[in-house]
Amino acid sequence: MPRTSKPDAPLVARGTVIKLRRLCGKPNCRCADGRLHESWALSYSLEGRTRMVPLSKEVVPVARLAVKAYRKQAQRLEAQALQGMRRLRAMVAAGKRRKT
């Protein structure tokens, strides 16, 4: 059975919120004059490929907060990993000193 997040759990998403701008190719469209079509998306990488989730304008602020929450948690985890590596190195160094 798939796990679902609790409704009150904070939303966390990896990626970047971007604004896409493009031409549709129709000769009489406003984009032919330089006023490009715009839409929002969440861009992320999965299994070596870039994926995009289209976002409505109303969801963009929520997505930005979710990305910010992910980055904050990633920084916290990275700091913990660095601290753990330092402790492991100290343990290895202490073990080498005892054997000599």
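Look up: the structure comes first, before these words.
About the criteria used
Residues numbered from 1 in each chain as written. Predicted model: local features only at pLDDT ≥ 70, side-chain atom pairs only at ≥ 80, totals over all residues. Heavy atoms only, no water. Salt bridge = Lys/Arg side-chain N within 4 Å of Asp/Glu carboxyl O. Helix = DSSP H or I, 4+ residues; strand = E, 2+ residues; numbered from the N terminus. Buried < 20%, exposed > 50% of the residue type's maximum accessible area, 1.4 Å probe, protein only. Core = buried A, V, L, I, M, F, W, Y, C linked by side-chain atoms within 4.5 Å. Contact = heavy atoms within 4.5 Å.

Draft legend 1. Representation of the pattern of salt bridges. One pass over the full model with this rule turns up two salt bridges. Two residues, glutamate 38 and lysine 19, come together in a salt bridge whose shortest N-O distance is 3.5 Å. Taken as a pair, glutamate 38 in strand E2 (residues 37-46) and lysine 19 in strand E1 (residues 16-22) lie far apart in primary sequence, 19 residues in all. Take glutamate 38: its relative accessible area is 47%, and that puts it in the partly exposed class. Among the ionic pairs, glutamate 38 bridges to arginine 21, the shortest N-O distance being 3.2 Å. Of this pair, glutamate 38 sits in strand E2 while arginine 21 sits in strand E1, placing them 17 residues apart in sequence.

Draft legend 2. Structural view of the environment of arginine 49. Position of arginine 49 among the secondary structure elements: in strand E3 (residues 49-55). It is 24 Å that separates the C-alpha atoms of arginine 49 and cysteine 24, two residues lying 25 residues apart in sequence.

Draft legend 3. Highlighting the nonpolar core. By size, the foremost hydrophobic cluster in this structure holds nine residues: Ala13, Val17, Trp40, Leu42, Leu55, Val60, Ala63, Ala66 and Val67. At the level of elements, E2 and helix H1 (60-99) are the ones that each hand at least two residues to this core. Setting aside chain neighbours within four positions, we find tryptophan 40 in contact with Val17, Ile18, Lys19, Val53, Pro54, Leu55, Lys57, Val60 and Arg64.

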